[in-house]
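Coordinates in review
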Amino acid sequence: MTTDGAATRLVVLGAGPGGYPAAFLAAEMGMDVTLVDVEANPGGVCLYRGCIPSKTLLHVAHVLDMAEQVTEFGVDFAEPSVDLDRLREGKDRVVAKMTSGLGQLSRARKVNYVQGRGRFVDAHTLRVANDSELTDVHFDHAIIATGSVPAIPRALQIDSPRVWDSTAALELELVPERLLVVGGGYIGLELGSVYAALGSAVTIVEMTGGLLPGADRDLVAVVQKRVTERVEQILLNTTVVSLEESSEGIAATLSGVETENERREFDRVLVAVGRRPNAGDLGLESLAVTVNERGFIETDVQRRTGEPSIFAIGDVAGEPMLAHKATHEARTAVEAIAGEPSAFAPAAIPAVVFTDPELAWTGLTETEARMQGIDIEVSSFPWGASGRATTIGRNDGVTKLILEPGTERVLGVGIAGSGAGELIAEATLAVEMGARADDLRLTIHAHPTLSETVMEAAELFFNTSPHYIGRRR
Ligand code: NAD
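Residues numbered from 1 in each chain as written. Predicted model: local features only at pLDDT ≥ 70, side-chain atom pairs only at ≥ 80, totals over all residues. Heavy atoms only, no water.

1. Quick notes on the sheet that holds strand S22 (residues 398-403)
With respect to topology, five strands assemble into an open sheet ordered S19-S20-S23-S22-S21, the strand pairing being antiparallel. Edge positions in the sheet fall to strand S19 (351-353) and strand S21 (377-382), since each has one partner strand and no second. On average, each strand axis in the sheet is inclined to that of its neighbour by 10 degrees, with strand direction left out of account. Summarising the sheet, S22 and strand S23 (residues 410-417) pair through six bridges and their orientation is antiparallel. When the bridges of S23 are listed, Ile402 appears paired with Gly412. Its contacts with the sheet put helix H6 (residues 186-198) on S19 and strand S20 (358-363), and the angle it makes with S19 is roughly 35 degrees. (Pairing = 2+ DSSP bridges. Helix = DSSP H or I, 4+ residues; strand = E, 2+ residues; numbered from the N terminus. Axes fitted to C-alpha atoms, helices over the stretch in contact; angles between N-to-C directions. Contact = heavy atoms within 4.5 Å.)

Dropping the structure here:
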């Protein structure tokens, strides 16, 4: 709040999972809030063309897979028929319901929502342009939450509607017979899985030696095994040298161990090789805001930029580019603006890849520990010994604790298996609360649930797991 008693004027640029929680919290705290976005309602990439539509489609893909899998229990369904128009409408309905809901919440909180594209004029003025007018919004503080956009390398930038980014892939224009997915990261695997379930022959090309670079290899192996069964081919250590329109679709020249300058035809190509922050064309040049060489806006622990009145959160302010990290930063920035001693210092940020099975981790990973020379103890519980996993026919999983030697404190947890994205919540709480392996094993977990694997991994650490004989590694 300003000293003269008037409410602090806050403008939030970008209404995604960073921007809208910032605006809503600030409004609840009594600030005079303007939220600016090009869309008619809050939601950002996550709701309009990211997390929410992709998870809707992944849900459908999962049901298709389950229908196939249940044959092992003697239930046979007829071949599914997918009505693409209705699937698209269903997905769009989910998006519309959630974004319009956020619009209502915004109005109920008396947030001044301005639709348009914002650009800073100076350290206290944002100019918003839409089709009909220019509006200057004067502010005491601003939060930049403009997110990121798909990055397309120059070699793959050809002017063809057959080359998709994640936004185009989520449009569900058609189910291509042959789909090339460039990039074996989050988006490549998630959307590649969707199209594979819908019937495309999917080829995934990954530049590095493994899928999901950075994630622990033992966990990736669980996912890779099943994804391999679902897709046509996974080509590692391979790059796409060029793409060209051809009479049949898109001709891709692949270069790798198995494909030395090999030309292959595809009907569509999905490029999913990362995202880049949206810090350009915001008028930052004339301000003391620093944009680093990777395009991220630099901030301090409160998410304040070099310009004292301006903060930055979410994808535009650095990795990991995850919606929930943006939402947490929103709280930090708003509290800092309100004069509270807030800082962004999480012990763990969970990451979830929504493949089937899911892959999730939180806190320190084994890979990070090994790279940084941090001494750790590891306890991995295989889901082959989980009753719940057996009942659902999904013994393909592992729950792994990363513990501090001596103290047995939980530094990190990695889970690969069905529903790992939900299970990681308990693990994140454990890391944040400074729990020890003993806390996990002495907490009663409901039976039969997959959550027991967290407890069992702790039991295994003490060699007291009732269901698994084996020493921790
Ligand atoms: P990513 O960084 O997850 O994966 C990109 C992959 O492409 C990497 O494996 C990389 O090695 C590979 N690659 C890079 N250049 C290549 C090339 N020329 N040829 C072949 N492979 C190449 O990026 P993404 O999948 O585009 O997703 C972007 C970001 O969006 C993610 O980092 C994540 O932060 C976020 N995201 C999160 C979720 C989720 O939380 N479930 C889902 C989707 C996206």
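2. Some thoughts on the side chain of Ser106
Counting through the fold element by element, Ser106 comes out in helix H4 (residues 84-108). In contact with Ser106, not counting residues within four places along its chain, are Phe24, Pro42, Val111 and Tyr113.

3. Some details on helix H7 (residues 217-230)
With 14 residues, H7 should cover 20 Å at 1.5 Å per step; its first-to-last C-alpha distance of 20 Å lies within 8% of that length. All of the buried residues in H7 are Leu219, Val220, Val222, Val223, Arg226 and Val227. (Expected span 1.5 Å × (residues − 1). Buried < 20%, exposed > 50% of the residue type's maximum accessible area, 1.4 Å probe, protein only.)

4. Quick notes on the sheet that holds strand S14 (residues 249-256)
Here we have three strands laid out as an open sheet, ordered S13-S14-S15, and antiparallel in their pairing. Strand pairing shows two members of the sheet lacking a second neighbour, strand S13 (238-246) and strand S15 (262-266), which therefore form its edges. The sheet shows a mean angle of 30 degrees between the axes of neighbouring strands, direction not considered. By the bridge criterion, eight bridges tie S13 to S14 in an arrangement that is antiparallel. Paired with Ser242 across the bridge in S14 is Thr253.

5. Digging into the state of the cysteines
Tallied over the full model, the rule gives one disulfide. Between the sulfur atoms of Cys46 and its disulfide partner Cys51 the distance amounts to 2.3 Å. An S-S torsion of about -130 degrees defines the bridge between Cys46 and Cys51 as left-handed. (Disulfide = S-S within 2.5 Å.)

So, to be careful, I would describe these as geometric facts and stop short of saying anything about function.
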